[in-house]
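# Structure at a glance
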Amino acid sequence: MKNRTKYSFYSLLFFLLFSTQLFAQESTLKGVISNVNGEPVPYVNLIIKGTTKGTVSDFGGEFQLGGLSISDVIVVSSIGYVTQEIPYKGQTNISIQINEDAEQLEEIVVIGYGTQKKSDLTGSTGVVTSEDSDLQPVPNVQGMLQGKMAGVVVSQNSGAPGAVPKVNVRGFTGNPIYVIDGLIDGDINAVNPNDIENISVLKDASATAIYGSRGANGVIIVTTKGGKKNSPLKVNAEYYHTVSQLNNKLELLDPVSYMKIVNKKKLEAGANEIFSRLEIREAESTPGFGTDWQDEVFRTAHSDNANISLSKGWDKTTMRFSLGARNDEGILRNTNYKRYTSRLSISSDLTSSTKLNFNGSFTQEKGMNTAQGGQNGSDNVVAAATAWSPNLKVYDETTNDYTGFQGYGATVLRNPVYLSEEILRNTNQKTYATNLSLTQKIIPELSFKVFGAMQYRDINNDTFTRYEPATPNSVSSFYELTGSNVKYQGNAQLDFNKEFSSDHKLNATAVFEVISRKNKSEFFTTSYDQGEDQEGTLSEVINVMEPEGMLSALGRVGYSYKDKILLTGSVRLDGSSRLPEDNQWDDFYSAAFAYKLSNEEFLKYSEVVSMLKLRVGYGEIGNVNSLNAFQVQDLTNPRIGPYVFQGTELAYAEGIENGANRANPELRWEVSRQTNFGFDLGLLDDKIQLNADYYNKITDDSHFNSVVPGYLGGGTVKSNTGKLQNQGVELQLTYKWTTGGKFSMRNTLSFNYNQSEVLAIPQDTVYVGNINERGFERQSHILIQGQQVGQLYGYRYVGVKKSNTPVEGEIPNLEVGDAIYYDANGDGTISIEDMEVIGNGHPDMTWGFNSYLDYGNWSLNIFIQGVHGVDVFNLPQHGLLGGGSGVLDATSTEIYNSYSFDRNGSLPSLNARYRAQSSLFVEDASFIRIKNITLAYQVPWDKAQLRVYGGAQNIYTFTNYKGYDPESNSGSNLAPGIDRGSFPLPITYTFGLNFGI
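### Re the overall build of the chain
A count of helices and strands for the chain gives ten helices and 51 strands. Sequence-distant contacts in the chain: of pairs separated by 6 or more residues, those separated by 24 or more amount to 69%. Here the chain has roughly 44,800 Å² of accessible surface; of this, 54% comes from carbon and sulfur atoms.

### Considering the sheet that holds strand 50 (residues 978–979)
Two modes of strand pairing occur in sheets, parallel and antiparallel, and in both the strands are linked by backbone hydrogen bonds. The three strands are arranged 47-46-50 in an open sheet whose pairing can be described as mixed. Edge positions in the open sheet fall to strand 47 (922–924) and strand 50, since each of these has one partner strand only. Strand direction decides the pairing type here: strand 46 (residues 871–874) and strand 47, joined by three bridges, are antiparallel. Note on strand 47: the bridge partner recorded for D871 is D924.

### Quick word on the pattern of salt bridges
Counted by the stated rule, this structure contains 44 salt bridges. A salt bridge links R333 to E296, with the nearest nitrogen and oxygen atoms 3.6 Å apart. Here the residue R333 occupies a position in the loop between strand 19 (317–329) and strand 20 (336–351), and E296 occupies one in helix 6 (residues 293–297), the gap between them amounting to 37 residues. In this structure R333 comes out as partly exposed when scored by relative accessible area, which is 23%. The exposure class of E296 is partly exposed, given its relative accessible area of 31%. The residue D574 makes a salt bridge to R572 at a minimum N-O spacing of 2.8 Å. You'll find D574 and R572 in the same group, each marked buried. Via salt bridges that share partners, D181, D195, R320 and R343 belong to a single interconnected network.

### With respect to the sheet that holds strand 7 (residues 93–97)
The sheet built from three strands is open, its strands ordered 4-1-7 with mixed pairing. Sheet topology places strand 4 (62–68) and strand 7 at the edges, where each strand pairs with a single neighbour. Here the average twist between neighbouring strands, direction ignored, is 30 degrees. Bridge count between strand 1 (residues 27–34) and strand 7: five bridges; the pairing is parallel. Within the sheet, the bridge partner assigned to I33 lies in strand 7 and is I96.

### A short note on the nonpolar core
Ranked by internal contacts, the top residues of the largest apolar core, which has 61 residues, are W293, F298, L332, Y821 and I895. Among the secondary structure elements, those contributing two or more residues to this core are helix 4 (255–268), helix 5 (277–285), helix 6, helix 7 (381–387), helix 8 (416–422), strand 39 (781–784), strand 41 (797–800) and strand 42 (819–821). In terms of residues, this core owes the most to one element, helix 7, which gives six residues. With residues near it in sequence (within four places) discarded, F298 still touches L246, I331, L332, Y964 and P984. If you look at the next biggest cluster of nonpolar residues, it comprises 19 residues, including V138, L145, M149 and Y178.

### Looking at unusual backbone geometry
One non-glycine residue, K562, lies in the positive phi region at around 55 degrees. Within the fold, K562 resides in the loop between strand 28 (537–561) and strand 29 (565–576). Among the residues examined, K562 registers a relative accessible area of 36% and is labelled partly exposed. Of note in this structure, N954 is not a glycine but carries a positive phi near 55 degrees. Mapped onto the fold, N954 is located in strand 49 (residues 945–959). Since its relative accessible area comes to 6%, N954 is described here as buried.

### Points about the packing of aromatic side chains
Two aromatic rings are characterised by how far apart their centres lie and by the angle between their planes. Scanning the model with the defined rule gives 20 aromatic pairs in all. For the pair Y402 and Y418, a centre-to-centre distance of 5.8 Å together with 65 degrees between the ring planes defines the contact as edge-to-face. Here the residue Y402 occupies a position in strand 23 (residues 401–402), and Y418 occupies one in helix 8, the gap between them amounting to 16 residues. Classification of Y418 by relative accessible area gives buried; the value is 0%. Considering the side-chain rings of F588 and W669, the 5.7 Å spacing of their centres and the 80 degrees angle between planes classify their relative orientation as edge-to-face. Here W669 lies in the loop between strand 33 (648–652) and strand 34 (670–683) and F588 lies in strand 30 (residues 585–596), a separation of 81 residues in the sequence. In textbook terms, an aromatic cluster arises when at least three aromatic residues are bridged by ring pairs, as seen for F362, Y432 and Y456.

### Observations concerning the side chain of R615
Looking at the element boundaries, R615 is found in strand 31 (residues 609–623). A polar atom in the side chain of R615 sits 2.9 Å from the side chain of D693.

### Re the environment of N861
Within the secondary structure layout, N861 lies in strand 45 (residues 858–868). The class of N861 is buried, set by a relative accessible area of 0%. As a C-alpha pair, N861 and L135 span 726 residues in sequence and 6.2 Å in three-dimensional space. Excluding residues that lie within four positions of it along the chain, N861 makes contacts with L135, Q136, N850, S851, Y852, N932, I933 and T934. Looking at N861, its side chain comes within polar contact range of the side chain of Q136, at 3.0 Å. Within the local environment of N861, its side chain forms a polar contact with the side chain of N850, the two groups lying 3.4 Å apart.

### Things to note about the environment of Y528
Looking at the element boundaries, Y528 is found in strand 27 (residues 504–528). Linking Y528 and S476, residues 52 residues apart in sequence, is a C-alpha distance of 5.0 Å.

### Observations regarding the environment of K723
Tracing the backbone shows K723 in strand 36 (residues 716–738). Overall, the relative accessible area of 31% leaves K723 in the partly exposed class. Through-space distance from the C-alpha of K723 to that of E757 is 8.9 Å; in sequence the pair is 34 residues apart. When sequence neighbours within four positions are dropped, the list of residues in contact with K723 reads I698, T699, D700, S702, E757, V758, L759 and A760.

### Some details on a nonpolar patch on the surface
On the surface, L350, L438, I442, I443, F448, V450 and L494 cluster together into a nonpolar patch covering about 550 Å² of accessible area. Secondary structure elements with two or more residues in the nonpolar patch: strand 24 (423–443) and strand 25 (446–465). Here the nonpolar patch takes three residues from strand 24, the largest share from any one element. Turning to its location among the elements, L438 is positioned in strand 24. Its relative accessible area of 34% is what places L438 among the partly exposed residues.

### Remarks on helix 4
Between its first and last C-alpha, helix 4 extends 20 Å over 14 residues, near the 20 Å set by a 1.5 Å rise per residue. For helix 4, the full list of buried residues reads P255, V256, S257, Y258, M259, I261, V262, N263 and K265. Looking at the buried positions of helix 4, the neighbouring elements they touch are helix 5. Put simply, D254 is the residue that caps the front of helix 4, since its side-chain oxygen is 3.1 Å from the backbone nitrogen of V256. Positive phi shows up at G270, right after helix 4, with a value of about 80 degrees.

### Brief notes about the packing of helix 4 against helix 5
Interhelical geometry of helix 4 versus helix 5 gives an angle of 165 degrees and a closest axis separation of 10 Å. Classified by the interaxial angle, the pair formed by helix 4 and helix 5 is roughly antiparallel. Classified by chirality, the crossing of helix 5 by helix 4 is left-handed. Taking contact as the criterion, the partners of V256, M259, K260 and N263 in helix 4 are, on helix 5, R277, E279, I280, A283 and E284. Looking at the contact of helix 4 with helix 5, its residues break down into four nonpolar, one polar and four charged.

### Some points on the confidence of the model for the chain
With 89% of its residues at a pLDDT of 70 or more, the chain shows a mean pLDDT of 86. Counting contacts from residues 653–658, a segment whose pLDDT is below 50, to residues more than four positions away or on other chains yields 19 contacts.

Definitions and cut-offs
- Residues numbered from 1 in each chain as written.
- Predicted model: local features only at pLDDT ≥ 70, side-chain atom pairs only at ≥ 80, totals over all residues.
- Heavy atoms only, no water.
- Helix = DSSP H or I, 4+ residues; strand = E, 2+ residues; numbered from the N terminus.
- Contact = heavy atoms within 4.5 Å.
- Areas by Shrake-Rupley, 256 points an atom, 1.4 Å probe, with all protein chains shown as cover.
- Pairing = 2+ DSSP bridges.
- Salt bridge = Lys/Arg side-chain N within 4 Å of Asp/Glu carboxyl O.
- Buried < 20%, exposed > 50% of the residue type's maximum accessible area, 1.4 Å probe, protein only.
- Axes fitted to C-alpha atoms, helices over the stretch in contact; angles between N-to-C directions.
- Core = buried A, V, L, I, M, F, W, Y, C linked by side-chain atoms within 4.5 Å.
- Phe/Tyr/Trp six-rings, centres within 6.5 Å; stacked < 30°, edge-to-face > 60°.
- Polar contact = N/O pair within 3.5 Å; in protein donor to acceptor, adjacent residues only side chain to side chain.
- Patch = residues over 30% accessible without salt bridge, like charges linked within 9 Å, V, L, I, M, F, W, Y side chains within 5 Å.
- Expected span 1.5 Å × (residues − 1).
- Parallel < 35°, antiparallel > 145°, perpendicular 65-115°, else oblique.
- Left-handed = near helix turned anticlockwise from the far one by under 90°.
- Nonpolar A, V, L, I, M, F, W, Y, C, P; charged D, E, K, R; others polar.
- pLDDT = per-residue confidence, 0-100.

See below:
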């Protein structure tokens, strides 16, 4: 009996142990996640509650989660969707439907010093997310904005490696400020685009006034990526390789044709030929004679971009760490750019009411000859490659050195290969940035935040120039610049949010802010005689420090009534050390109103109109960035000097300032006043969205240089004597469509139209731009009261004198074949008094079209941009036609259109005088460009996400512009539209993959 009982006991124990082991055995669950339309949802987090075990759904919404036990709870979460908790009951397959969280979806817009629901915005604000650019490989943050948003124009003015696109917000304004994770005016070029979560652009003054004196040209707020709460360890890696080539070669003369034209020009001038018949015959019979300089300096360039990130989220803490490396070759030989980035983001809930955020980053940028092309001087490789004599060899066999100037061809420019190989410009910049914030919730409605940030930039640039070939007494030189820039920012912020009832909501923000900046620079130059092992001579050492600071206090209040009537108001007080003591402080205001008609009863249940909001806003914003730190300090040396009055030379008294650097103790802030009217319309459950705005911005007290009379020392002084107007219309239309199955698409068309006017300036006319342009007789642009900003200034080219019959505006004594320039004042001579407006460097209209198509695992992006109504000074064309003294002989095939070859040609004879600053060289630079086509495939893989893609950028440009690229030009906002032989924008082919687990 005992044995039987004992046996039963062991049998029961064995059964219990086996059962426990059986039920404790871990299981694996497979499934798919979809939305209410049955579409798969990728990147959804699935976590076993109370553990760190989890997974993420792939591109097709499928997942596999192991380590499950009976009674476990699976937490399903994703941004924009309602979080679910699903008990595990031992099943092996499951289908999960997740629902959109409307409240979460709207918490996506970052505004100044806070966030706001998109539907509650009263100002004009645009948003771009990382998903908007995932099929457009862009090397910089600015590229993420191109063509994505109405009112924001991004221009790629140079194709050099590391070149930074120019961003204008609403017209001809200056550079916008970038706010990077709270740091105002951070170094945006040091930010890796792969680290960007979203970008908000504050466009109108009612939105930008919160930044006071910094917001006049628009505010771009960049938020970097961080970890997500309760998410498993995620590893994401991306690599892509690009191959770039010159998009189009200019049509230039072959060596023999060039030699014949040089001879013809000499003969027409009554001089002896340069090349003998024997030399020309030998050239014709010699294979590979001469040099195609475009082929010599341009190349096929290869570039690599790699990024990796790790992120993890727990109940209270999140973390993300990333590394990036970029190595770009330029299509010009001996040009390259390298960038290495790292970024760490940590966020932690220290307590239920205390939150800590930390961001830190390090970036190093190295460049070689990245400023090549576009220079106004003899070192321009691009200009030299088109104007240097094609009959010459790269190297001179008699000197074993580069071929030098031979008495014909380009007199100012130098051997293009010499310029590429023997002038080495190195740039090296390191940027450290960090910020830390602590937020304490005092009561549910009130929180207090302290924020501190620092950015330190270390700069080391040098240039080595080898002595010129075939140039006696030429010396080598070495130039070095070392410098540093450190910036500190501190904020103390109070936030109040209260919902008094279902009808009334109030939020308020108050901030005290201090910013300090300090620059330090050292320069020195050393020169060497020709030959090796020569001792250098130190010629100059300069040490400059520029301290400055700003102190600010600001407040903003927002009110909502029944989620229909929205009001926002802000005020900011700024004080800057850049201004005189009596004028350092100024205040800036804004107010905005929005009315959600779609929440009224007559539209609330409409099946057509899903959103209709009217907006109106007004704001006053300042601008102190047009002044440097020493603008109000006297840096000139008092002296006694002469001036001429009615033909008599007189002397002004000792102590009078002289020169352009004179101080003005009366300088004040520039103040812009902007009004905005707009509406947001959504149709058919927001499948169709239209955003429209009209803006009118008037800038008073603009800083201009006023002429100082000679008896007061002459020169100019900066003063508040300008008034400019900028107004325009911007539209953005988005259409989303899905079949509810595999196919979906999203198309966005953005449109910008802008016009400007000079309302007041110091004199009747103000000349702006570079006066040192080769062949120019005065500045390139002019400001005239009552006319537009950006007007090109020069002589009007009438045509060629083809007979002895005079034409209107022609001066006397012209010979047949000469160029005719319009004699505007009728005095019988051509001088600067005959110059007039001959174009405008600002476009009238720009637009962008972005299309995203998805079918199953395939994705396609097509991006097209357009620019219309813009003129550009094509300065290289002047040299290619042999105009002026800098280039004696033509190299362009267009020279056959001259009177010397074609009596009905539109160009004057070979020996006629060209005026570089004329309408002959002003061209319509309007264009339509296929900017990007990228095709991607999401590999169906259960264990990880893998996407492979390939595409091309800058594929084809429809334009009548004769230069390399209509967009590649330089100039300021007051003097735009000058092509000095800029680094061409290449066509680029991209191949890459993105891997994530």
